[in-house]
Amino acid sequence: MKIGIIGSGNIGGTLTRRLQGLGHEVTVANSRGPQSLRELSQETGAKAGTVEDAVRGEDLVVLAIPVGAVTRLPLGAFADTLVVDADNYYAERDGDISEIADQSLTSSRWTADHFPNATVVKAFNTVVAPHLLDGGRPAGEDGRLGIPVAADDPMAKRTVMAVVDELGFDPVDAGNLDESWRQQPNTPVYLSDHDASGVRRELAAARP
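Reference entry: report on the structure contained in this document. Values in this document were obtained by computation on a predicted structure and should not be read as measured data.

The rules behind the values
- Residues numbered from 1 in each chain as written.
- Predicted model: local features only at pLDDT ≥ 70, side-chain atom pairs only at ≥ 80, totals over all residues.
- Heavy atoms only, no water.
- Salt bridge = Lys/Arg side-chain N within 4 Å of Asp/Glu carboxyl O.
- Buried < 20%, exposed > 50% of the residue type's maximum accessible area, 1.4 Å probe, protein only.
- Helix = DSSP H or I, 4+ residues; strand = E, 2+ residues; numbered from the N terminus.
- Pairing = 2+ DSSP bridges.
- Contact = heavy atoms within 4.5 Å.
- Axes fitted to C-alpha atoms, helices over the stretch in contact; angles between N-to-C directions.
- Patch = residues over 30% accessible without salt bridge, like charges linked within 9 Å, V, L, I, M, F, W, Y side chains within 5 Å.
- Areas by Shrake-Rupley, 256 points an atom, 1.4 Å probe, with all protein chains shown as cover.
- Lys, Arg positive; Asp, Glu negative; His and termini not counted.
- Charge placed at Lys NZ, Arg CZ, Asp CG, Glu CD.
- Phe/Tyr/Trp six-rings, centres within 6.5 Å; stacked < 30°, edge-to-face > 60°.
- Expected span 1.5 Å × (residues − 1).
- Arc of directions from axis to C-beta.
- Polar contact = N/O pair within 3.5 Å; in protein donor to acceptor, adjacent residues only side chain to side chain.
- Core = buried A, V, L, I, M, F, W, Y, C linked by side-chain atoms within 4.5 Å.

## Some words on the pattern of salt bridges
(1) Moving on: A complete count under the given rule lists ten salt bridges for this structure.
(2) Moving on: Linking D53 and R56 is a salt bridge whose minimum nitrogen-to-oxygen distance equals 3.2 Å.
(3) Moving on: The partly exposed category is assigned to D53, whose relative accessible area is 24%.
(4) Moving on: Residue R144 is joined to D165 by a salt bridge in which the shortest nitrogen-to-oxygen separation is 3.1 Å. On the criterion of sequence distance, the pair formed by R144 in the loop between helix 7 (129-134) and strand 7 (146-151) and D165 in helix 8 (residues 154-166) is long-range, its members being 21 residues apart.
(5) Moving on: Given a relative accessible area of 35%, D165 falls into the partly exposed group.
(6) Moving on: Each of R109, D152 and D178 takes part in a single network of salt bridges with overlapping partners.

Now the structure itself:
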C-alpha cells in the first residue's frame, strides 16, 4: 500500500518505521518540513515530503498530530482520502475545543467534520509507541494485544483493521465514530494492555 503519515513524533515515527519495514511505500510529513525528516527517512527508507506529498495518491493517510493542529492542515487536499485518526485531545495542549471538551462530539467526529470529503477511521490512539514498535505478535499467539478501531464506513474499517493485523495486533471493532469516546483518554481501554477480549471488556466498561 501507499501510506502517508502526517506527524513524526512517537506514534507517527513508529508507524513510519513499522509500515515501511513491512514493505509499504510510506511518505512522512510534519509541520517543520521535509528537511527535518532527513534522519528518519535515511533510517527507514520512507520518503520525506510535504503534507500534500503525504496525501496525494495514498491508499490511506495516518494523522498523528495534536488535535489542535488539524485545522492548520490543507483540508481540501484530503478529498476522497481514507484518513486514520490516531490523535487524542488534551485541552492543556490543544486549547479549548468546546465541542470536544463538553463531550457533544467525539474527537474523531470533530476531525471528520473538518474533512467532509474524506473517510475517517479512529485507530492507534490507545497504544503506546514502544508497543507499536516491538509488541506485535503473530495471529493466535498468546499475549497478542488488541487495538480498537472505530469508523462509520465498514469497508474503510476493514482496510484499517487489516493493517492493524499486519502490524501484529488484534483489531477490535469499536463501533462508529460517535462511539469512539470509549477509546479516548481517561477511559478504561486507553493506554491499557489487553488482548482482544480484554479490549472488548474495557470498551463496554467505559462510562460517559
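Read on for the rest.
## Here we look at the sheet that holds strand 4 (residues 60-63)
(1) Moving on: One open sheet accounts for eight strands, arranged 3-2-1-4-5-6-7-8; its pairing is mixed. Both edges of this open sheet fall to strand 3 (47-48) and strand 8 (170-173), since each of them pairs with a single strand only.
(2) Moving on: In the sheet, strand 6 (residues 119-122) pairs with strand 7 via two bridges, with the strands oriented antiparallel. Bridge pairing in strand 7 links K122 to A150.
(3) Moving on: Strand contacts of helix 9 (residues 196-205): strand 7 and strand 8, with the helix running at about 30° to strand 8, the strand carrying the most contacts.

## Overview of a negative patch on the surface
(1) Moving on: Together, D96, E99, D102 and D113 line one region of the surface with negative charge.
(2) Moving on: Mapped onto the elements of the fold, E99 is located in helix 5 (residues 98-101).

## Things to note about helix 6 (residues 107-114)
Because each turn of an α-helix spans 3.6 residues, side chains separated by three or four positions end up pointing in the same direction.
(1) Moving on: Counting buried residues along helix 6, six of its eight residues qualify, which places the element largely inside the surrounding structure.
(2) Moving on: Residues of helix 6 that are buried: S107, S108, R109, W110, T111 and A112.
(3) Moving on: Against the buried residues of helix 6 lie strand 4, strand 5 (82-85), helix 5 and strand 6.

## What to know about the packing of aromatic side chains
(1) Moving on: Taken as a whole and assessed by the stated rule, the structure comprises one aromatic pair.
(2) Moving on: Both rings, one in F78 and one in F115, keep their centres 4.6 Å apart while their planes meet at 55°; by these two values the pair is tilted. Taken together, the residues span a long stretch of sequence, with F78 in the loop between strand 4 and strand 5 and F115 in the loop between helix 6 and strand 6 at a distance of 37 residues.

## Notes on helix 8
(1) Moving on: Its 13 residues place the ends of helix 8 18 Å apart at the C-alpha level, agreeing with the 18 Å of an ideal helix rising 1.5 Å per residue.
(2) Moving on: Looking at helix 8, one finds that the buried residues are A156, K157, V160, M161, V163 and V164. Buried residues of helix 8, seen end-on, are gathered within an arc of 155° and therefore sit on one face of the element. The exposed residues of helix 8 that point more than 90 degrees off its buried face are P154, M155 and R158.
(3) Moving on: Looking at the packing, one finds that the buried side of helix 8 touches helix 1 (10-21), strand 4, strand 5, strand 6, strand 7 and strand 8.
(4) Moving on: Where helix 8 begins, one side-chain oxygen reaches toward the backbone nitrogen of M155, 3.0 Å away; that side chain belongs to D153.
(5) Moving on: After helix 8 finishes, the residue G168 shows a positive phi value of roughly 100°.

## Topic: the pairing of strand 6
(1) Moving on: The pairing of strand 5 with strand 6 spans four bridges and is parallel. Across the sheet, the residue bridging to D85 is K122, located in strand 6.

## Side note on the nonpolar core
(1) Moving on: Counting residues in each nonpolar core, the largest one holds 33 residues, and the members touching the most others are I5, L15, L19, F124, L132 and V160.
(2) Moving on: Among the secondary structure elements, those contributing two or more residues to this core are strand 1 (2-6), helix 1, strand 2 (25-29), strand 4, strand 5, helix 7, strand 7 and helix 8.
(3) Moving on: With five residues, the top contributor of residues to this core is helix 8.
(4) Moving on: Each residue touching V160, except ones within four places of it in the same chain, is listed here: L82, V84, V121, A123 and V149.

The values are spatial; any link to function lies outside them.
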